[in-house]
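Observations on the model geometry
Listed below, chain by chain, are the residues.
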Amino acid sequence: MSTQLPALVAGLVDDAAVFPPGSASLPDAVAAHRRHRAAWYAELVGPLLLPVSRLAELALLLGADERIAVGAIGDVPLGQLGKACVEADPRIEIRQVEAAVARRGEDPLPGTAELVELGRTAGSTVYAEIPLTFGLMSALDALAAARASGVPVAAKFRTGGLAAELFPSPAELAAVIGACRDRQVPFKLTAGLHHAVRHVDPETGFTHHGFGNVLAATLAAADGAAVDAVAELLTVRDERPLVQATEGRHDVARPLWIGFGSCSIVEPLTDLIRLGLVNGGYRA
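This report concerns the structure included in the present document. Just so it is clear, the structure is predicted and the values come from calculations on it, not from any experiment.

Here the focus is the overall build of the chain. Scanning the chain from N- to C-terminus turns up 10 helices and 12 strands. The C-alpha radius of gyration computed for the chain amounts to 18 Å, which stays within 12% of the reference 19 Å derived for 284 residues, consistent with globular compactness. Overall size of the chain, expressed as C-alpha extent along the three principal axes, is 50 × 50 × 40 Å. Scored against the burial criterion, the 284 residues of the chain give a buried share of 52%. Nonlocal contacts in the chain, meaning residues at least 24 apart in sequence, comprise 72% of its contacts between residues at least 6 apart. Per element, the accessible surface of the chain, about 12600 Å² overall, is 54% carbon and sulfur. Positive and negative side-chain charges of the chain, numbering 24 and 32 respectively, have mean locations separated by a distance of 3 Å.

Now for the pairing of strand 5 (residues 92-100). Pairing of strand 4 (residues 68-73) with strand 5 involves six bridges; the strand directions are parallel. Across the sheet, residue I68 finds its bridge partner in strand 5, namely I92. As a crossover connection, the stretch from strand 4 through helix 3 (residues 78-86) into strand 5 is right-handed. Across five bridges, strand 5 lies against strand 6 (residues 125-129) in parallel orientation. Bridge pairing in strand 6 places V97 opposite V126.

Moving on, we get to the environment of L61. Tracing the backbone through its elements, the reader meets L61 in the loop between helix 2 (55-59) and strand 4. Take L61: its relative accessible area is 30%, and that puts it in the partly exposed class. Between the C-alpha atoms of L61 and P27, which are 34 residues apart in sequence, the distance is 7.0 Å. With residues up to four places along the chain from it excluded, the contact list for L61 reads L26, P27, V30, R34 and E66.

Attention now moves to empty space enclosed by the protein. Tallied over the full model, the rule gives one cavity of 30 Å³ or more. The volume enclosed by the largest cavity comes to roughly 40 Å³. G212, L215, A216, L242, V243, T246, L275 and L277 are the residues that line the largest cavity. Contributing elements (two or more residues each) for the lining of the largest cavity: helix 7 (211-222) and helix 9 (239-245). By residue number, the principal contributor to the lining of the largest cavity is helix 7, which donates three residues. In the lining of the largest cavity, the residues fall into six nonpolar, two polar and no charged.

Another aspect to go through is the environment of A146. Within the secondary structure, A146 sits in helix 5 (residues 136-148). A146 sits in the buried class, given a relative accessible area of 5%. Measuring from C-alpha to C-alpha, the distance between A146 and S23 comes to 34 Å, with 123 residues separating the pair along the chain. Among all residues touching A146, those that are not within four sequence positions of it are V116, V151 and V153.

Between its first and last C-alpha, helix 7 extends 16 Å over 12 residues, near the 16 Å set by a 1.5 Å rise per residue. Of all 12 residues in helix 7, 11 are buried, a share of seventy percent or more. Along helix 7, the residues that are buried comprise F211, G212, N213, V214, L215, A216, A217, T218, L219, A220 and A221. Structurally, helix 7 contributes buried residues whose contacts are with helix 6 (170-183), strand 8 (187-190), helix 8 (227-235), helix 9, strand 11 (257-262) and helix 10 (266-275). The first or second residue beyond helix 7 is G224, which carries a positive phi of 100°.

Core analysis: the largest hydrophobic core is formed by 84 residues, its most contacted members being I130, L140, F157 and W257. Beyond its immediate stretch of four places on either side in the chain, F157 contacts I130, L132, L136, L140, V176, C180, F187, K188, L189 and T190.

Time to look at the environment of Y127. Secondary-structure assignment places Y127 in strand 6. When the C-alpha atoms of Y127 and P27 are compared, they prove to be 26 Å apart, with 100 residues separating the residues in sequence. With sequence-adjacent residues up to four places away left out, Y127 is seen in contact with Q96, V97, E98, A99, A154, A155, K156, K188 and I258.

Let us look at the side chain of T218. Along the chain, the position of T218 falls in helix 7. Given the relative accessible area of 2%, T218 is considered buried. Here V214 takes part through its backbone oxygen, which lies 2.7 Å from a polar atom of the side chain of T218. Beyond its immediate stretch of four places on either side in the chain, T218 contacts I177, F187, P255, L256 and W257.

Cut-offs and rules
Residues numbered from 1 in each chain as written. Predicted model: local features only at pLDDT ≥ 70, side-chain atom pairs only at ≥ 80, totals over all residues. Heavy atoms only, no water. Helix = DSSP H or I, 4+ residues; strand = E, 2+ residues; numbered from the N terminus. Rg over C-alpha atoms; globule rule 2.2 N^0.38 Å. Buried < 20%, exposed > 50% of the residue type's maximum accessible area, 1.4 Å probe, protein only. Contact = heavy atoms within 4.5 Å. Areas by Shrake-Rupley, 256 points an atom, 1.4 Å probe, with all protein chains shown as cover. Lys, Arg positive; Asp, Glu negative; His and termini not counted. Charge placed at Lys NZ, Arg CZ, Asp CG, Glu CD. Pairing = 2+ DSSP bridges. Right-handed = clockwise from strand over helix to strand, strands pointing away. 1 Å grid on protein atoms, 1.4 Å probe; cavity = no way out; pocket = protein on both sides within 12 Å on 5 of 7 lines; lining within 4 Å. Points joined across faces, edges and corners; volume = space filled by probe spheres on them. Nonpolar A, V, L, I, M, F, W, Y, C, P; charged D, E, K, R; others polar. Expected span 1.5 Å × (residues − 1). Core = buried A, V, L, I, M, F, W, Y, C linked by side-chain atoms within 4.5 Å. Polar contact = N/O pair within 3.5 Å; in protein donor to acceptor, adjacent residues only side chain to side chain.

Right, here's the structure in full:
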């Protein structure tokens, strides 16, 4: 038996269950992650995202022969991040390390260099969470140069949160996608992407990007589309053109966009089934 999960969406959703707004307890998050990894849609699900400071707590929940893939989120000083990952319980596979680029004084984004150095020694891909502010392009240039020399680094951007200003506009996000495309820097996204199509959250009034919009926009960017055309796809609130953008590409891996973290796996899975990008079961 094999799943009908296309390569286009493989590994699309990292499991961010312990982060807001889900904020699951760690025992509940680990139990749910085990179920996801054993389910027919397992290939959709990336690693369990967890603050570095909670790696020891995670180890206490694992069976003697259990292994778990983790995305370690930096909540300790950068100088301590690599050491914490190296010293993690051997049952915990640190598949990726994610940390925010720091700002110090007038120097725009000096933490980029520290994260590149971490990428040289970490043994896993390091994602630098870069704010959409002054210094963004120089930070991407630094990541591109590091990647060209073989350092496993990539970018991460925030697409939502608990305040309206944390949601970038379609034009801003399109510019970021184009900049990553031009430099061949893969990127991840985080926050606000539970659903496939751009929409307004009825509880907060915030307009959320849709992960289907981002997928269509990234495919267009990878094909050479201009930033304004990419931005247009990010504004679409009709699922039909987003589905059309994926036609003939289901069996091809996503270009550039690694995926996104979500505190819910079920919500994006449900939307993928509704859009016909995942068939919702097995085939012989």
